[in-house]
Amino acid sequence: MTVEPPLCYLNGEYMALESARISPLDRGFLFGDAVYEVIPVYGGVPFRLDTHLGRLTASLTATRIPAPLDAAGWRAVIDRLVEAEGGGDQTVYLQVSRGAPPNRDHAFPQEAEPTVFAMASPLPDTSALREHGVAVTTADDIRWQRCDIKSVALLANVLLRQDALDRGAQESVLVRDDRVTEGSASNIFLVRGGVLITPELEGGILSGVTRDLILELARAGNRPVECRRVDAEELTGADEIWLTSSTKEVIPVTRLDGRPVGGGTPGPYYRDMRAWFDEYKADYAEGRSA
Ligand SMILES: Cc1ncc(COP(=O)(O)O)c(C=O)c1O
């Protein structure tokens, strides 16, 4: 049977997104008891898929949700969804919840199959943000202590992102006990005196797939890199600040709490990184890089 796009995958079946239905007893809905991934696709090729699937496995293991598919199974689902949307540049969303048992109870259910959902969507156009930069505001990191798990329980992130928008900015940069952690939906980098600095993973942040790549590209370009505790006051003296994520790639921050960052325009190191990133992306889609 041919299904008209947008197509989605739900519990082993492909169907039109608008006809997909999930039980109100699903634990993802009731408790946020679910994990997810967002994978960019360039030229029809899922970007750094093994790393995304590795992180999904880590999130499933940490939450003790049984893995519903192996890597080959996920790859087949992703390929089918990407193909149905016509290849090219897209983003794929995967979500696995602990399932929909007959009763609402915090305790893990004895018998429930995980609910598995996946869809492909157009990649958001962030070209204007990349060219001109974005404003950010700082905010208290009010989230839980397991931000290394990519959980759908994102209420704090939602409130923090909206707080930034309400203050005329694009993203909240989060600070916990005077140390910078990450953005509400991104990792953060600072440039100071030519050194690229990013908060260490031990600070309780998400191990961003884009963060990893930025570090790799900086090292390949022989630029010094520091992954360490970043004090909040270092933000104000930064020459450049960047945000990274799978859908934003790397974006320059030009205003912090209403004041210009560096010269108030995307900096020279950002321009270099942007060029390296674009080259890597093009090579990846052509199968020329790992
Ligand atoms: C809280 C948080 N940190 C970091 C990131 C960046 O991770 P990635 O580069 O793997 O998309 C995200 C992405 O959504 C996020 O939600």
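Since the model is a prediction, treat every value here as computed from it, not as a measurement.

Asker: Please clarify how helix H5 (residues 155–166) should be interpreted in this entry.
Answerer: Since the α-helix turns once every 3.6 residues, residues separated by three or four places project in the same direction. With twelve residues, H5 extends 16 Å from end C-alpha to end C-alpha; this agrees with the ideal 16 Å at 1.5 Å per step. The complete set of buried residues in H5 reads Leu-160, Arg-161 and Ala-164. On an axial view of H5, the arc spanned by its buried residues comes to 100 degrees, and they lie on one face. Facing away from the buried surface of H5 by more than 90 degrees, the exposed residues are Leu-155, Val-158, Gln-162, Leu-165 and Asp-166. If you follow the buried residues of H5, they end up packed against strand E7 (134–140) and strand E8 (171–176). Directly beyond the C-terminal end of H5, a positive phi value near 75 degrees is found at Gly-168.

Asker: How should unusual backbone geometry be read in this particular structure?
Answerer: Note: most residues except glycine have negative phi, and most peptide bonds are trans. For Arg-64, which is not glycine, the phi torsion reads 60 degrees and is therefore positive. One can find Arg-64 in the loop between helix H2 (49–63) and helix H3 (71–84). The exposure class assigned to Arg-64 is exposed, which follows from the 8 C-beta atoms found within 10 Å. Backbone geometry places Glu-249, a non-glycine residue, at a positive phi of 60 degrees. Residue classification places Glu-249 among the buried positions, given that 23 C-beta atoms sit within 10 Å.

Asker: What am I meant to see in the nonpolar core here?
Answerer: Nonpolar side chains tend to gather and get buried jointly when the protein is soluble and globular. Counting 33 residues, the largest nonpolar core has Phe-189, Leu-190, Ile-214, Ile-241, Trp-242 and Val-253 as the members making the most contacts within it. Ranked by residues supplied to this core, first place goes to helix H6 (residues 209–220) with five residues. When near neighbours in sequence (up to four residues on either side) are disregarded, Ile-214 contacts Phe-189, Thr-244, Val-250 and Met-273. Grouped together as the second largest cluster of nonpolar side chains are 21 residues, Ile-39, Leu-94, Ala-118 and Ala-120 included.

Procedures and definitions
Residues numbered from 1 in each chain as written. Predicted model: local features only at pLDDT ≥ 70, side-chain atom pairs only at ≥ 80, totals over all residues. Helix = DSSP H or I, 4+ residues; strand = E, 2+ residues; numbered from the N terminus. Expected span 1.5 Å × (residues − 1). Buried ≥ 20, exposed ≤ 12 C-beta atoms within 10 Å, placed from the backbone. Arc of directions from axis to C-beta. Contact = placed C-beta atoms within 7 Å. Core = buried A, V, L, I, M, F, W, Y, C linked by C-beta atoms within 7 Å.

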